[in-house]
Amino acid sequence: MFKILKYLGKSKGAVAAILALLVLQAYCDLALPQYTADIVDVGIGQGGIEYGVPERMRGETFENVRMFMTADEEEVLLAAYAADGDGIYVLGKDADREALAAVMELPMAMLAVPGTSGDMDSVMESYGEMSRSMVSQMAVQSVKAEYEALGTDIAAVQTRYLLHKGGRMLCLSVLMMAASILAGLLAARTSAKIGHDLRGSLFHKVVSFSDAEMDRFSTASLITRSTNDIQQIQMVSVMLLRMVLYAPIVGVGGVLKVVNTRTGMGWIIAVAVIAIMVLVGLLMAAAMPKFKVMQSLVDRLNLVSREILTGIMVIRAFSREKFEEERFDGANKELMGTQLFTNRVMTVMMPAMMLIMNGITVMIVWFGAKGVDLGNLQVGDMLAFITYTMQIVMAFLMITMISIMLPRAGVAAERIEEVLATGVTVYDREQVKDGELEHAKGVLRFEHVSFKYPGADENALEDIDFTANPGETTAVIGSTGCGKSTLIRLVPRYYDVTQGRITIDGVDIRDLSQHKLRGMLGYVPQKGVLFSGDIESNLKFGGDSITDGDMEEAARIAQAMEFIDSKPKRFQSEIAQGGTNVSGGQKQRLSIARAIAGHPKICLFDDSFSALDYKTDVVLRKALHDKLSDATVVIVAQRISTILHADRIIVLDDGKVAGIGTHKELLEHCSAYREIARSQLSEAELKGDRVS
């Protein structure tokens with residue numbers, strides 16, 4: 001809840017505007033029931049005569065009214081009325097009708113009963129025992145009789161009153177509608193901005209993650225947090241702005257209106273509120289734990305779906321479709337079961353709420369009818385009381401519905417904050433030394449480097465020490481799992497070294513900004529990755545500085561022009577998402593071309609030739625050697641034929657350097673290299689014959 005309020009706090013101006021519009025909407029909403037009551041009681045029941053105070057009355061009536069007044073009341077009467085030339089007393093325009101009603105309604109009511117006589121004090125006492133409502137209605141009847149005696153059109157009076165009140169109701173309704181629409185628009189824009197900002201923050205945070213942070217969160221979980229979780233927060237934000245802010249305003253306003261109606265039925269509202277709170281408490285106790293589980297089940301379903309879709313070819317190859325369908329069905333049913341439970345709970349709420357609301361309406365009508373029968377209450381007041389009560393109950397209903405949705409949104413907010421609060425282990429130092437490599441040569445040096453994965457007990461690499469010079473090819477080879485890919489991933493700082501340091505031209509790469517460091521590198525990962533678009537957009541992925549000439553030269557070096565030229569649109573040929581419409585070898589060649597198109601100082605190839613045939617491999621390596629004569633080239637390979645002519649070969653064995661030298665030197669002095677060579681080369685090749 002507080003995290004969501006923190007997000008809303010960034011849009012204080014919009015929230016303040018929404019609050020002002022909601023106050024205006026609530027004012028109109030709360031005013032309408034009283035107008036309805038006035039139309040029923042006054043416009044219809046009293047013929048449009050609101051007070052027992054006539055606008056005009058005969059002199060005879062004026063004198064009769066004075067008979068039933070005290071001296072102070074008589075002064076008020078004389079100050080309000082003035083006689084015209086025909087002996088008719090006319091009410092002044094500035095007269096306070098409510099104050100006059102307090103002194104005139106009882107005398108006017110007494111005039112409504114013909115033949116009122118006897119002891120004046122006893123008559124006044126008997127009329128004073130009547131309810132204010134009955135006295136007021138009798139006074140109105142007396143005013144109506146006076147108007148008829150004066151020849152006033154009673155129907156016109158009633159029509160004028162109804163048009164006046166109806167017109168004001170119409171204006172309030174239009175104003176309320178406008179306020180509601182504007183508040184809804186602002187709430188939607190504010191929540192959309194919250195979603196936009198959260199998605200942007202989450203994306204930028206994830207992009208800044210090193211591999212250590214990425215290992216903490218699965219891809220499926222990050223996608224869920226970026227979509228479903230933010231959608232939950234966005235939806236609840238709208239409801240907070242529209243309902244949670246509006247409900248207290250209407251609820252408090254409704255209570256004040258109910259108090260002013262003086263119906264004596266306020267206890268019914270207390271019964272309604274208690275019944276709603278008990279119902280919501282029971283439902284929340286049942287549903288709350290399930291809401292907290294639901295998001296993790298959505299994560300699980302996304303994870304299973306992603307694994308199946310990305311591994312569909314392997315699944316088909318092993319005929320495991322049935323097994324994977326059952327696995328997906330299990331995750332799907334588990335989520336469905338939880339959703340069904342929460343939906344059933346929510347389904348119970350609405351009928352139960354309607355039962356309470358209808359029960360409250362019956363109670364109001366039952367006890368209100370008794371008040372109407374006794375003359376203590378008018379029908380319009382009872383209708384207004386019902387409307388206000390429903391508004392109060394609906395306010396509590398809105399708040400309780402939000403309170404049920406908040407836990408799920410709260411869980412979503414915590415999951416988002418978990419990502420945003422994750423500290424990055426690879427970051428730029430405050431003082432960087434980018435200027436020292438303005439004219440970098442590209443000398444790459446590992447100085448006694450050791451590395452341990454986060455949470456691991458043992459080093460993955462230990463005491464790695466070598467230098468890779470410009471114009472030379474440095475190769476890394478070893479058995480599977482010996483740390484070859486780990487070594488090369490330390491150079492772009494996907495991880496930071498645990499001990500020792502890596503330098504470029506003598507500068508520790510941790511003293512460089514990541515942008516500067518990676519701008520000097522051309523990296524080809526073990527698994528080629530292409531992006532949706534076309535060939536040109538992929539080859540120019542390194543930046544706007546790459547020209548068409550650079551792109552074509554890189555494609556020619558990577559031996560990609562053969563299949564590019566065979567396509568009708570050449571470099572504008574479409575690349576599907578993930579490069580699924582090109583072969584593995586074509587994908588690797590495009591990845592290599594992309595890496596060298598920006599003329600990097602250091603080229604890193606992480607087993608990037610594995611999908612190439614031997615002929616293409618040889619031609620490509622020769623082109624790389626000829627064209628990248630001033631660059632430092634580091635190649636990780638499984639095949640000895642790929643690195644046979646490297647200037648320097650580093651043999652890794654269980655994370656340690658088992659030998660460094662040329663192919664011939666290692667065959668003589670390194671047993672680990674000889675073992676790899678014997679498994680891949682023939683006896684003739686081992687004796688020094690040409691290897692293609």
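The structure presented is a predicted model; accordingly, all values stated were derived computationally and were not measured.

Helices and strands together make up the secondary structure of the chain, namely 26 helices and 15 strands. Relative to the compact-globule value of 26 Å for 692 residues, the chain shows a C-alpha radius of gyration of 43 Å, a clear excess of over 25%. Overall, the C-alpha framework of the chain stretches about 145 × 50 × 50 Å when taken along its three principal axes. Here the chain, with 692 residues, has 46% of them falling under the buried criterion.

Our focus in this paragraph is helix H19 (residues 548-557). For H19, every residue scored as buried is listed here: Asp-550, Met-551, Ala-554, Ala-555 and Ile-557. Take H19 and look down its axis: the buried residues cluster within an arc of 160 degrees, on one side only. Elements that come into contact with the buried residues of H19 comprise helix H18 (535-539), helix H20 (561-565), helix H21 (584-596) and helix H22 (614-627). With its phi angle positive at about 60 degrees, Gln-559 sits one or two positions after the end of H19.

Let us look at the sheet that holds strand S2 (residues 81-83). One open sheet holds the three strands; their spatial order is S1-S3-S2, and the pairing between them is antiparallel. Edge positions in the sheet fall to strand S1 (56-58) and S2, since each of these pairs with one other strand and no more. The mean inter-strand angle of the sheet, taken between neighbouring strand axes irrespective of direction, is 30 degrees. Of the pairings in the sheet, the one linking S1 to strand S3 (residues 88-91) comprises three bridges and is antiparallel in character. Its bridge partner being in S3, Arg-58 is matched across the sheet by Ile-88. Along the sheet face, helix H4 (residues 71-80) touches S1, S2 and S3 and points at about 60 degrees away from the line of S2.

Glancing now at a negative patch on the surface. A grouping of Asp-457, Glu-458, Asp-653, Asp-654 and Glu-675 is seen on the molecular surface, where their side chains present a negatively charged patch. Relative to the assigned elements, Asp-653 resides in strand S14 (residues 648-653). Look at Asp-653 and you get partly exposed, because its relative accessible area is 41%.

Parameters and conventions
Residues numbered from 1 in each chain as written. Predicted model: local features only at pLDDT ≥ 70, side-chain atom pairs only at ≥ 80, totals over all residues. Heavy atoms only, no water. Helix = DSSP H or I, 4+ residues; strand = E, 2+ residues; numbered from the N terminus. Rg over C-alpha atoms; globule rule 2.2 N^0.38 Å. Buried < 20%, exposed > 50% of the residue type's maximum accessible area, 1.4 Å probe, protein only. Arc of directions from axis to C-beta. Contact = heavy atoms within 4.5 Å. Pairing = 2+ DSSP bridges. Axes fitted to C-alpha atoms, helices over the stretch in contact; angles between N-to-C directions. Patch = residues over 30% accessible without salt bridge, like charges linked within 9 Å, V, L, I, M, F, W, Y side chains within 5 Å. Areas by Shrake-Rupley, 256 points an atom, 1.4 Å probe, with all protein chains shown as cover. Salt bridge = Lys/Arg side-chain N within 4 Å of Asp/Glu carboxyl O. Lys, Arg positive; Asp, Glu negative; His and termini not counted. Charge placed at Lys NZ, Arg CZ, Asp CG, Glu CD.

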